[in-house]
Amino acid sequence: MDLVDIRTALIISLSITVVVLAWKRFRDHVRAKDLPAPLHAELITVEVAYHPARLRILIKLPGRQLVRTALLDGDHRTLHDWPASELHPGEHEVEHLLPDLQDGGYFLEMRTDTQRTVRLFRLRQA
């Protein structure tokens, strides 16, 4: 084997190594950036209904989950906890009576075993 053959073999193996490394880096980048996130519970809407004051919540679940909801004040302190509900997959409309509150902005917190979602709503009773 002469030097020309060794040089050719090294150039070919280096080229193949560069292509393999570039492909792995591209694949990892696509997996990290472009694959969809795993499905979680989705808090679709929060509406305030009046007489009596209550919250209407629309939740979409990918699987059977225990859902906990709480009412938070403007500083995210818990004002009221509602009983937890175990819900099956699909969309669910849940209604919770609101305690006696002043007009203003409050937060609804929805928790499952894997996530926490907080949504702002305004209460205006006048």
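Remember, it's a predicted structure, so these values are computed and weren't measured experimentally.

1. A few points about the environment of His51
At step 1: The topology assignment puts His51 in the loop between strand E1 (42-49) and strand E2 (54-61).
At step 2: His51 gets classed as exposed once you look at its relative accessible area, which sits at 76%.
At step 3: Considered as a pair, His51 and Gln125 are 74 residues apart in the sequence and their alpha carbons are 9.1 Å apart.

2. Comments concerning the packing of aromatic side chains
At step 1: The tally for this structure, following the rule as stated, stands at 2 aromatic pairs.
At step 2: When the centroid spacing of 6.0 Å and the interplanar angle of 40 degrees are considered together, the rings of Trp23 and Phe26 count as tilted. Taken together, the residues Trp23 and Phe26, both in helix H1 (residues 3-34) and 3 residues apart, mark about one turn of the helix.
At step 3: Classification of Phe26 as partly exposed rests on a relative accessible area of 48%.

3. Some thoughts on a nonpolar patch on the surface
At step 1: There is a patch of nonpolar side chains on the surface, built from Leu3, Ile6 and Leu10 and spanning about 330 Å² of accessible area.
At step 2: Within the element layout of this structure, Leu3 appears in helix H1.
At step 3: Exposure remark for Leu3: the relative accessible area of 70% places this residue in the exposed category.

4. Examining the pattern of salt bridges
At step 1: With the rule as written, the count across this model stands at 9 salt bridges.
At step 2: Taking the shortest distance from any N to any O, the salt bridge between Arg56 and Glu95 comes out at 3.1 Å. Placement of the pair is Arg56 in strand E2 and Glu95 in strand E6 (residues 90-97), with a sequence separation of 39 residues.
At step 3: Of the charged contacts in the structure, one is a salt bridge between Glu86 and Arg64, with a shortest N-O distance of 3.0 Å. On the criterion of sequence distance, the pair formed by Glu86 in strand E5 (residues 85-87) and Arg64 in the loop between E2 and strand E3 (65-72) is long-range, its members being 22 residues apart. Per residue, the accessibility class of Glu86 equals that of Arg64, and both read exposed.

5. A look at the sheet that holds E1
At step 1: Read across the open sheet, the 3 strands follow the order E1-E2-E6; overall the sheet is antiparallel. The open sheet terminates on both sides in strands that have one partner only, identified here as E1 and E6. On average, adjacent strands in this sheet sit at an angle of 15 degrees to one another, irrespective of strand direction.
At step 2: When E2 meets E6, the two strands line up antiparallel, connected through 8 bridges.

Calculation criteria
Residues numbered from 1 in each chain as written. Predicted model: local features only at pLDDT ≥ 70, side-chain atom pairs only at ≥ 80, totals over all residues. Heavy atoms only, no water. Helix = DSSP H or I, 4+ residues; strand = E, 2+ residues; numbered from the N terminus. Buried < 20%, exposed > 50% of the residue type's maximum accessible area, 1.4 Å probe, protein only. Phe/Tyr/Trp six-rings, centres within 6.5 Å; stacked < 30°, edge-to-face > 60°. Patch = residues over 30% accessible without salt bridge, like charges linked within 9 Å, V, L, I, M, F, W, Y side chains within 5 Å. Areas by Shrake-Rupley, 256 points an atom, 1.4 Å probe, with all protein chains shown as cover. Salt bridge = Lys/Arg side-chain N within 4 Å of Asp/Glu carboxyl O. Pairing = 2+ DSSP bridges. Axes fitted to C-alpha atoms, helices over the stretch in contact; angles between N-to-C directions.

Taken by themselves, the reported measurements are silent on function.
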